[in-house]
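# Reading the structure
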Amino acid sequence: MKEQEIGTLRKTKKPQILSNLKKGNFFRTSYQFFKDWDERSDDERENINPMEKMGIYCIVFSMLEDRLETLWWNCSYVHKWNVIGEWDDDEKRYVSENGRPPYDWEHRNRKIPQPIRTTGRFRNDLLSNGKINQRLHDKIHNSEKDRRELIHRNMFFMKDLKDKHIKEVMSIFRELDKLVQKHKKGHPDLLGK
């Protein structure tokens, strides 16, 4: 068995290359994990192992991030947003002012340049292009602020993770998922593949 190197996961291009069936299975399993937790009594939910609660939160947030990225990527492709910029050697970054929309093959393979693959970029572009409203933008932003503390410093803030954090993230995920489905139905010629 070949040993996998640490730090190379981002080079494998997953989950972008997963088939819709495999990706759907991951979503169903993740949602079932959330649902099993949500169906517990208030007492049971409050008294589970904090690491298990953190795991549920991480899974649900990952689902939210995927829906946010999917909505942004589909909108940037369909509506021809100039999101892929030219690489600026002096600045050592992508400059999007002179950018271009994603090409068809980039969209199919989810070839989003690493420097622009951020939830902040996604929500700001969606807001400025009228695809989400200010309320949803702010809910995502506030959840991102909590996520930074809860996930990156979880040994210090694990006890601060409350049911409301998990439920809020799931609520945002559902709202984004509806927007993804609505957008896909509105553009079956480009997104119905």
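The coordinates are above.
We now turn to the structure provided with this report. (Residues numbered from 1 in each chain as written. Predicted model: local features only at pLDDT ≥ 70, side-chain atom pairs only at ≥ 80, totals over all residues. Heavy atoms only, no water.)

## Section: the packing of aromatic side chains
This model, assessed by the stated rule, comprises six aromatic pairs. Each ring, one from Tyr31 and one from Phe34, has its centre 6.0 Å from the other, and the planes form 40 degrees; the classification is tilted. Of this pair, Tyr31 and Phe34 both sit in helix H1 (residues 20–38), three residues apart, which is roughly one turn of that helix. Here Tyr31 falls in the partly exposed class, since its relative accessible area comes to 30%. Given a relative accessible area of 3%, Phe34 falls into the buried group. Ring geometry for Trp72 against Phe122: centres 4.6 Å apart, planes inclined by 35 degrees, an arrangement best described as tilted. (Phe/Tyr/Trp six-rings, centres within 6.5 Å; stacked < 30°, edge-to-face > 60°. Helix = DSSP H or I, 4+ residues; strand = E, 2+ residues; numbered from the N terminus. Buried < 20%, exposed > 50% of the residue type's maximum accessible area, 1.4 Å probe, protein only.)

## As for unusual backbone geometry
Here the phi dihedral of Lys80 falls at roughly 55 degrees; this positive angle occurs in a residue that is not glycine. By the secondary structure assignment, Lys80 is in the loop between helix H3 (50–78) and strand S1 (84–88). In this structure, Arg110 takes a positive phi of about 50 degrees despite not being glycine. Within the element layout of this structure, Arg110 appears in the loop between helix H4 (104–109) and helix H5 (119–128). Owing to a relative accessible area of 12%, Arg110 belongs among the buried residues under this scheme.

## Quick look at the nonpolar core
For soluble globular proteins, nonpolar side chains are generally found buried alongside one another. In terms of nonpolar packing, the biggest core is built from 36 residues, with Tyr57, Trp72, Leu126, Ile166 and Leu176 touching the most fellow members. When residues of this core are traced back to their parent elements, those giving at least two are H1, H3, H5, helix H6 (134–152) and helix H8 (163–186). Filtering out sequence-adjacent residues up to four positions away, Leu176 remains in contact with Leu64, Arg67, Leu68, Leu71, Leu136 and Ile140. (Core = buried A, V, L, I, M, F, W, Y, C linked by side-chain atoms within 4.5 Å. Contact = heavy atoms within 4.5 Å.)

## Thoughts on the packing of H3 against H8
Running from N to C, H3 and H8 point in directions that differ by 25 degrees, and their axes come no closer than 9 Å. By the angle between their axes, H3 is roughly parallel relative to H8. Crossing of H3 over H8 shows left-handed handedness. When its residues are assigned to classes, the contact of H3 with H8 shows 18 nonpolar, five polar and four charged. (Axes fitted to C-alpha atoms, helices over the stretch in contact; angles between N-to-C directions. Parallel < 35°, antiparallel > 145°, perpendicular 65-115°, else oblique. Left-handed = near helix turned anticlockwise from the far one by under 90°. Nonpolar A, V, L, I, M, F, W, Y, C, P; charged D, E, K, R; others polar.)

## Re H1
The end-to-end C-alpha distance of H1 is 26 Å, a good match for the 27 Å that 19 residues give at a rise of 1.5 Å each. Those residues of H1 that sit buried are Lys23, Gly24, Phe27, Ser30, Phe34 and Trp37. In a view along the axis of H1, the buried residues occupy a sector of 145 degrees, so they form one face of it. In this structure, H1 carries Leu21, Lys22, Arg28 and Thr29 as exposed residues pointing more than 90 degrees from its buried face. (Expected span 1.5 Å × (residues − 1). Arc of directions from axis to C-beta.)

Remember that the coordinates give geometry; whether it matters functionally is a separate question.
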